[in-house]
Amino acid sequence: MLFFSAISCGVQKSAQHIPNLSSFPVTKPVTTKLNDSTTVSGHNFLTKNRQNLWELYISGNALQLGYNQGALTQELMHKQEQIFFSKVEDMVPSKRKQRLLSKVLKFYNRNMYCHVSNDFQAEIYGLSQYSGDKYDFIAPKFQRNLYLHGAHDIGHALQDLMLVGCSSLAVWNGKSENGKLLIGRNFDFYAGDDFAKEKIVAFVNPEAGIPYMSVTWPGMTGVVSGMNAEGLTVTINAGKSKIPLSAKTPISLVAKEILQFAANISEAVKIAKKRKIFVSESIMVGSAADRKAVLIEMSPKNFGVFDVQNSSELVCSNHFQSQAYSNDRRNKKHIAEGHSQYRFDRMNELLEKSEKLNPAKMASILRNKDGLKDIRLGYGNEKALNQLLAHHSVIFSPEERLVWVSSSPYQLGEMVSYDLKEIFKERKGYVLSTGERNIARDPFADSQEFQDYELYRTIDSEVDDALKKNTELPADYLQKYQRLNPELWSVYYKAGKYYYERKEYTKATVLFEKALTKEITTVPDRKKVERYLKKLKGITK
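Residues numbered from 1 in each chain as written. Predicted model: local features only at pLDDT ≥ 70, side-chain atom pairs only at ≥ 80, totals over all residues. Heavy atoms only, no water.

Student: Lay out the overall build of the chain with the relevant residues and their values.
Tutor: Helix and strand counts for the chain come out as 17 helices and 17 strands. The globule rule puts the C-alpha radius of gyration for 541 residues at 24 Å, and the 24 Å found for the chain is close to it. Projecting the C-alpha coordinates of the chain onto the three principal axes gives extents of approximately 80 × 65 × 50 Å. A total of 541 residues make up the chain; the buried ones form 57% of that total. Just so you have it, the chain exposes about 23600 Å², and 51% of that area is on carbon and sulfur atoms. The chain carries 75 positive and 60 negative side-chain charges, and their two centres are separated by 6 Å. (Helix = DSSP H or I, 4+ residues; strand = E, 2+ residues; numbered from the N terminus. Rg over C-alpha atoms; globule rule 2.2 N^0.38 Å. Buried < 20%, exposed > 50% of the residue type's maximum accessible area, 1.4 Å probe, protein only. Areas by Shrake-Rupley, 256 points an atom, 1.4 Å probe, with all protein chains shown as cover. Lys, Arg positive; Asp, Glu negative; His and termini not counted. Charge placed at Lys NZ, Arg CZ, Asp CG, Glu CD.)

Student: Now, about the sheet that holds strand β17 (residues 416-419): what can you tell me, with residues and values included?
Tutor: Strand order in the open sheet formed by 6 strands is β14-β5-β6-β15-β16-β17, and the pairing between neighbours is antiparallel. Two strands lie at the open edges of the sheet, namely β14 (313-316) and β17, each paired on one side alone. Adjacent strand axes in the sheet meet at a mean angle of 10° when their direction is disregarded. Contacts from helix α10 (residues 340-353) reach β5 (167-171) and β14, with the element oriented near 150° to β14. Sheet strands in contact with helix α11 (residues 359-366) are β5, β6 (182-187), β15 (392-397) and β16 (402-405), and its direction is about 30° off that of β6. (Pairing = 2+ DSSP bridges. Axes fitted to C-alpha atoms, helices over the stretch in contact; angles between N-to-C directions. Contact = heavy atoms within 4.5 Å.)

Student: Please set out the sheet that holds strand β11 (residues 281-287) residue by residue, giving values where relevant.
Tutor: Taking strand neighbours across the sheet as the criterion, the 11 strands line up as β1-β2-β3-β4-β7-β8-β9-β10-β11-β12-β13 in an open arrangement whose pairing is mixed. Since the sheet does not close on itself, it has two edges, and those belong to β1 (32-35) and β13 (302-306), each with one partner. Across this sheet, the average inter-strand angle for adjacent strands is 15°, counted without regard to direction. Bridging between β1 and strand β2 (residues 38-41) involves 3 bridges; their strand directions are antiparallel. Note on β2: the bridge partner recorded for T32 is V40. Against the sheet, helix α7 (residues 251-261) contacts β7 (200-206), β8 (212-216), β9 (225-228), β10 (232-238), β11 and β12 (292-299), and its axis sits at roughly 165° relative to β10. Where helix α8 (residues 265-274) meets the sheet, it contacts β10, β11, β12 and β13, and its direction lies at approximately 5° from that of β12.

Student: An account of the nonpolar core is requested, with residue identities and associated values reported.
Tutor: Core analysis: the biggest nonpolar cluster contains 40 residues, and V234, I258, I283, V285, I296 and M298 have the highest contact counts within it. Elements with a contribution of two residues or more to this core: β4 (54-60), α2 (62-91), β7, β10, α7, α8, β11 and β12. Non-local contacts of I283, meaning those with residues more than four positions away in its chain, are made with V234, T235, I236, I251, V254, I258, V294, L295, I296 and M298. Core analysis: the second largest hydrophobic core is formed by 35 residues, Y453, L488, Y498 and L533 among them. (Core = buried A, V, L, I, M, F, W, Y, C linked by side-chain atoms within 4.5 Å.)

Student: Go over the pattern of salt bridges, please, and point to the residues and values.
Tutor: As enumerated under the stated definition, the model contains 30 salt bridges in all. R50 is the salt-bridge partner of E414, the closest N and O atoms lying 3.3 Å from each other. Placement of E414 in the loop between β16 and β17 and of R50 in the loop between β3 (44-48) and β4 is noted, with a sequence separation of 364 residues between them. Residue R50 is classed as exposed on the basis of its relative accessible area, which comes to 65%. A network of salt bridges, in which partner residues are shared, links E81, D133, D136, K141 and R144. (Salt bridge = Lys/Arg side-chain N within 4 Å of Asp/Glu carboxyl O.)

Student: Describe the packing of α7 against α8, naming the residues involved and giving the relevant values.
Tutor: Across the interface, α7 lies against α8 with an axial gap of 9 Å and an inter-helix angle of 145°. Considering how the two elements wind past one another, α7 and α8 form a crossing that is right-handed. Here V254, E257, I258 and F261 of α7 come into contact with α8, specifically with E267, A268, I271, A272 and K274. For the contact of α7 with α8, the class distribution of residues is 6 nonpolar, no polar and 3 charged. (Left-handed = near helix turned anticlockwise from the far one by under 90°. Nonpolar A, V, L, I, M, F, W, Y, C, P; charged D, E, K, R; others polar.)

Student: Which residues make up the environment of Q82, and what values go with them?
Tutor: With respect to the element layout, Q82 can be found in helix α2. Under the relative-accessibility criterion, Q82 is labelled partly exposed at 31%. Residues Q82 and N68, 14 residues apart in the sequence, show an inter-C-alpha distance of 21 Å.

Student: Please set out the pairing of β12 residue by residue, giving values where relevant.
Tutor: Successive residues of a regular strand alternate their side chains across the two faces of the sheet. Counted residue by residue, β12 has 7 buried out of 8 residues, so it is predominantly covered. Two elements, β11 and β12, share 7 bridges in a ladder whose sense is antiparallel. Bridged to V285 within β12 is V294. In textbook terms, the turn of a hairpin is the stretch between consecutive antiparallel strands, and for β11 and β12 this stretch comprises 4 residues, one of which, R291, has a positive phi near 55°. As defined by bridge partners, β12 adjoins β13 across 5 bridges and the pair is classed as antiparallel. Within β13, the residue paired with S299 across the bridge is N302. Once β12 ends, the chain turns through 2 residues before running back antiparallel as β13.

Structure representation (C-alpha cells):
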C-alpha cells in the first residue's frame with residue numbers, strides 16, 4: 001500500500017510541476033501574417049520555401065524561444081498533435097483503454113522532468129502555451145509536450161519497433177573531394193505519411209549557448225539532426241533497447257544540449273556523460289575543430305566512444321561498435337539477426353567503390369535503393385540505405401558551415417542548401433537559402449517505378465487490413481500487388497498468408513517458397529516464412 005501511495009504521489013507531483021520561469025524575462029509574441037507562406041514576429045519568422053520546407057528563425061532566452069516558436073508554428077503544432085494522437089486512437093480505439101493508456105503514460109513519464117534542465121523545460125513550457133485544448137485529458141499542456149519529446153524513445157523502447165533504422169556516414173582527409181569533413185545521414189523514423197508532411201528547418205539563436213540549425217517537426221525543440229555555428233554536428237541512430245522502468249532524458253534533448261553548448265568532440269562527450277537516458281542510442285558527432293567524427297554510444301547502463309584510428313571514414317547504422325559494447329548480448333544478437341549490419345556493409349561497399357566524396361556523391365549514396373553487390377531488394381526493404389520512408393536526409397560540411405536538407409517525396413526531392421555563416425549574421429529579410437548550391441531532385445522520383453511503388457504502398461495497407469480482419473480481396477488483387485514491387489519478399493509472404501488462411505495451401509506454398517528466394521529483411525522474418533512452409537508440409541502429407 002505504501003508503494004502505490006508513493007507512486008500516486010510521484011505522478012501527482014509530476015502533473016503539477018512547472019519549471020522555474022523567474023529568470024526569463026519574456027514578451028508575448030505578436031505575429032503578423034505577410035502572406036500564405038510567411039509569418040513574422042519581430043526578428044523571428046516562419047516561411048515556406050519553394051521546395052515546401054518550412055524555415056523557422058527564432059532568437060531569445062530559453063522561455064522566449066519557446067514562446068516565439070509556439071506563436072509562429074501554432075497552426076502546424078495543432079495539426080501535428082492531431083496527427084500523432086489520432087494514430088494512437090487508431091491503435092487503441094477503446095475509450096476505456098485510452099484512459100488506461102493515459103494513466104500508464106503519466107506513470108511512466110513521472111520522473112522525466114527531473115532529468116531535463118530547467119532551461120530546456122522553460123523552452124518547452126513556452127512552446128506548450130500554444131498547444132490546443134483537445135488533448136488536455138491526456139496530460140496538462142506542459143507535461144504533454146514534454147512527453148512528446150520522448151515519443152521517439154518510447155516508440156522503440158516499449159514496442160521495439162525499430163522504425164528508426166537510420167544510416168549515417170562521415171568522410172574526411174583523403175576520402176572527401178576537398179579534404180574537409182563531410183557527413184550524410186538518413187533519418188528513417190516513420191510515424192505515418194501525414195507526420196512527415198510538415199518538415200521544419202529550424203535556425204535557433206539562443207541567448208545562452210551557440211546558434212544552431214536542426215531538421216525537425218512542429219512542436220519539437222529537441223534535435224535529431226543538426227549543426228551549430230561552430231561547425232559541430234549531431235545525428236542520432238537508435239540501438240537495440242530493452243524496456244526501461246521509467247523515462248529519463250529524451251535523447252533528442254541530449255543531442256540539443258550537445259549542439260547548443262559544445263564546440264568540439266571533447267565537450268560533446270562531457271555533456272553526454274552527464275545525462276541519464278532510457279533507450280540505447282548512437283550519436284554521431286562531427287567537429288570542424290577536430291576535423292573528424294566519432295560515435296557516442298549511450299544506453300541506460302553503459303557508455304562508450306567509438307573513434308576510428310588511422311582511417312578517414314566512419315559508418316553508423318543501428319548497432320554499437322565501441323569496446324564498451326563488445327560483449328553486449330543484445331547488441332550481438334541485433335548484429336546477427338537484424339538489418340543493421342547489412343546496411344553497414346552496404347555503406348562500406350559504396351564507399352569503397354566511390355571516388356572521393358562531395359555533397360552530390362554523398363546524396364547519391366543516401367538515395368541508394370539496392371543491396372550488397374547491387375542486387376535488387378525491392379522498394380521499401382529495410383536492408384536498403386534508402387528505405388523510401390525517411391523523414392529527412394541531411395548532409396553537413398562542418399568546416400564550411402554548409403548544410404543540405406532533403407525535400408519530399410521522402411529524401412528524393414531537391415536538397416536545399418543553407419550557409420550558417422550567412423544565416424547567423426545580423427540578417428535582413430526572410431530568405432535563408434539562395435539555392436545556389438542545391439542538389440538536384442533524384443530522377444527516380446519522376447519514374448514509373450516510383451509511381452508503382454506509391455500504388456504498392458496503398459495496396460499494401462489494404463492487404464494488411466484484409467489479413468487483420470480476415471476479409472476478402474478482389475480477384476487478381478494480389479497478383480497486381482506483386483507486379484508493383486516484384487523484388488520485395490513481403491509481397492509474396494503476405495499473399496501466402498492470405499491463401500493459407502483460406503486453406504488454399506498449394507497457392508500458399510508457392511508464394512512462401514518465392515518469398516525465400518528474395519532478400520528477406522531479418523532472420524526472424526525468414527524464420528516466419530519457414531515456419532509456414534513447415535506447417536504446410538504437415539498439412540499436405
